[in-house]
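Observations on the model geometry
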Amino acid sequence: MVRVNSKPMKIKFLFIFLIFFNYSLSFGESYIKASNGITWDKTNQTYSAEGSVEFKNNEIKAFANKILASYIFESEKEIFQNVELNEKVEIYYENEVFKSDTATYNKQNSLIILLGNVSIVSPDRYLSGDELIVDLEKNTRTLKTKGKDSLAEALIKDE
Amino acid sequence: MMNNILKKVNLNVLITLLLLSQIILIFMNSPIEQISQNYQSNSLEKFTTMISGDKSVDIITSDKMVKINENKTMLIGDTNLKNNEYEISSKNVTIDTHNMITSSVKATKTTNNQGTIKSEGFEFDQEANIIKFNGKSEFKTNED
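This report concerns the structure included in the present document.

About the cut-offs
- Residues numbered from 1 in each chain as written.
- Chains lettered and ligands numbered in written order.
- Predicted model: local features only at pLDDT ≥ 70, side-chain atom pairs only at ≥ 80, totals over all residues.
- Heavy atoms only, no water.
- Salt bridge = Lys/Arg side-chain N within 4 Å of Asp/Glu carboxyl O.
- Helix = DSSP H or I, 4+ residues; strand = E, 2+ residues; numbered from the N terminus.
- Buried < 20%, exposed > 50% of the residue type's maximum accessible area, 1.4 Å probe, protein only.
- Core = buried A, V, L, I, M, F, W, Y, C linked by side-chain atoms within 4.5 Å.
- Contact = heavy atoms within 4.5 Å.

Next up on the list: the pattern of salt bridges. Residues and elements named next belong to chain A. As enumerated under the stated definition, the model contains nine salt bridges over all chains in all. Between Glu87 and Lys66 there is a salt bridge; the shortest N-O distance is 3.9 Å. Taken as a pair, Glu87 in strand β5 (residues 77-93) and Lys66 in strand β4 (residues 61-74) lie far apart in primary sequence, 21 residues in all. Overall, the relative accessible area of 40% leaves Glu87 in the partly exposed class. The exposure class assigned to Lys66 is partly exposed, which follows from its relative accessible area of 37%. Connected through shared salt-bridge partners, Glu96, Arg125 and Arg141 make up one network.

Laid out in structure tokens, this is it:
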């Protein structure tokens, strides 16, 4: 008979726990948190949130003073399609932070468009401009500044 | 002499009892309970109703239903509003049939196809088809 307290059993339990822990982390959680309430407009299929607002899904985490999230129905489930962020926008994606006055995040296209007082902050760079297009799928960043040529960069991910 | 003392004692006892009864009345009777007592004749305990609409059937359950007037109904205690789109659980819900607004200032939990919304109250404008979740609110979605 195998003893539960034996070392191999303990390792097995730890291994199983880690598998389940990793599985639950991989799904993460999606939410909208707001200090001044959330409004559900059923006719226009939107959720708007005001105050100190926080939005999180499996791709990004974002903060703003106002958020308008529109959704579509897919297999009888409501899925967020487009998220408009306004005032003091901060978007966190992996080790990058994008800041701007306004932003639009399109989940289907994995695209973030930021406008007004835009900046990108990461451990090895700080860039600022007027408009920033972040393509999460292609992993490219295109920064535009009035009167200057666009600065485009493609990030290479370590596999 | 003895009579005077007895009278004084009785008066003190009477004043104490009156003060105690006042304190009990103030602390034990919430405004909602006062309302419900005033409308005993128009109230129903463990109330459940089904309202058939154009698209769905609304089921309303509550600990107590009190009809305040022609346009206003209060659902006292634990209240549940359910249809095929969402389920709102709250307390002390007011239904204003004239302005078509259902609301509560108590903690509210709403479940719909997309997730669960917790808020400090709600206001449902039936005409505009808009539900406002008031105060500090959190919407946890079921998205993968």
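It is worth spelling out the environment of Ile23 of chain B at this point. Along the chain, the position of Ile23 of chain B falls in helix α1 (residues 2-28). Under the relative-accessibility criterion, Ile23 of chain B is labelled partly exposed at 44%.

Membership of the largest hydrophobic core comes to 46 residues, with the highest contact counts inside it found for Ile32, Tyr47, Ile60, Leu85, Ile91 and Leu114 of chain A. Excluding residues that lie within four positions of it along the chain, Ile91 of chain A makes contacts with Ile60, Lys61, Ala62, Leu85, Glu96, Val97, Phe98, Ala103, Ile112 and Leu114 of chain A.

The next subject is the side chain of Thr102 of chain B. Residues and elements named next belong to chain B. Residue placement: Thr102 occurs in strand β5 (residues 101-104). Given the relative accessible area of 6%, Thr102 is considered buried. Ignoring any residue separated from it by four or fewer positions in sequence, one finds Thr102 in contact with Leu81, Val93, Thr94, Ile95, Phe122, Glu123, Phe124 and Gln126.

Fair warning: the whole summary comes from geometry, so function is off the table for now.
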